[in-house]
Amino acid sequence: MNTKNTNIILGILAIVVVVAAGAYALNMPDNRSAGEHIGDAVNKLDEGVDDAARELEDRTPLERMQDDYEDATDGSPE
């Protein structure tokens, strides 16, 4: 193989590795302890009871980011 093909293959492999690592990181299980869940819920009380209640559930980082995005774009003052 020539160097151009080798560089293309290495670039594609690097992209695949980065995408796989990102997908794994966004779908990791929630490893927070019960105390951390409660602490996060207490910190979210000023944003509303619904947001605080969501903190008590086990959710992946991707689900948490989706909730933050929806909260930011729903037109509410929070």
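About the thresholds
Residues numbered from 1 in each chain as written. Predicted model: local features only at pLDDT ≥ 70, side-chain atom pairs only at ≥ 80, totals over all residues. Heavy atoms only, no water. Salt bridge = Lys/Arg side-chain N within 4 Å of Asp/Glu carboxyl O. Helix = DSSP H or I, 4+ residues; strand = E, 2+ residues; numbered from the N terminus. Buried < 20%, exposed > 50% of the residue type's maximum accessible area, 1.4 Å probe, protein only. Patch = residues over 30% accessible without salt bridge, like charges linked within 9 Å, V, L, I, M, F, W, Y side chains within 5 Å. Areas by Shrake-Rupley, 256 points an atom, 1.4 Å probe, with all protein chains shown as cover. 1 Å grid on protein atoms, 1.4 Å probe; cavity = no way out; pocket = protein on both sides within 12 Å on 5 of 7 lines; lining within 4 Å. Points joined across faces, edges and corners; volume = space filled by probe spheres on them. Nonpolar A, V, L, I, M, F, W, Y, C, P; charged D, E, K, R; others polar.

Draft legend 1. Just the pattern of salt bridges, in detail. Following the criterion strictly, the structure yields nine salt bridges and no others. Residues Arg 32 and Asp 40 are paired through a salt bridge, measuring 2.5 Å at the closest nitrogen-oxygen approach. When the shortest N-O distance is used, the salt bridge between Glu 55 and Arg 32 registers 3.1 Å. Remark: Arg 32 occurs in the loop between helix 1 (3-26) and helix 2 (34-44) and Glu 55 occurs in the loop between helix 3 (49-54) and helix 4 (61-73); sequence separation between them is 23 residues. Arg 32 shares its class with Glu 55; the two are buried.

Draft legend 2. Looking closely at a nonpolar patch on the surface. A cluster of nonpolar side chains, contributed by Ile 38, Val 42, Leu 45, Val 49 and Leu 56, occupies part of the molecular surface with about 490 Å² of accessible area. Structurally, Val 42 can be placed in helix 2.

Draft legend 3. Summary view of empty space enclosed by the protein. Following the criterion strictly, the structure yields one cavity of 30 Å³ or more and no others. Put simply, the largest cavity is a space of about 50 Å³. Taken together, Lys 44, Asp 51, Arg 54, Glu 55, Arg 59, Arg 64, Asp 67, Asp 68 and Asp 71 make up the lining of the largest cavity. Put simply, the parts of the chain that give the lining of the largest cavity at least two residues each are helix 3 and helix 4. Counting residues per element, the lining of the largest cavity draws most heavily on helix 4, which supplies four residues. Tallied by class, residues from the lining of the largest cavity come to no nonpolar, no polar and nine charged.

As far as function goes, none of this settles anything; it's purely spatial.
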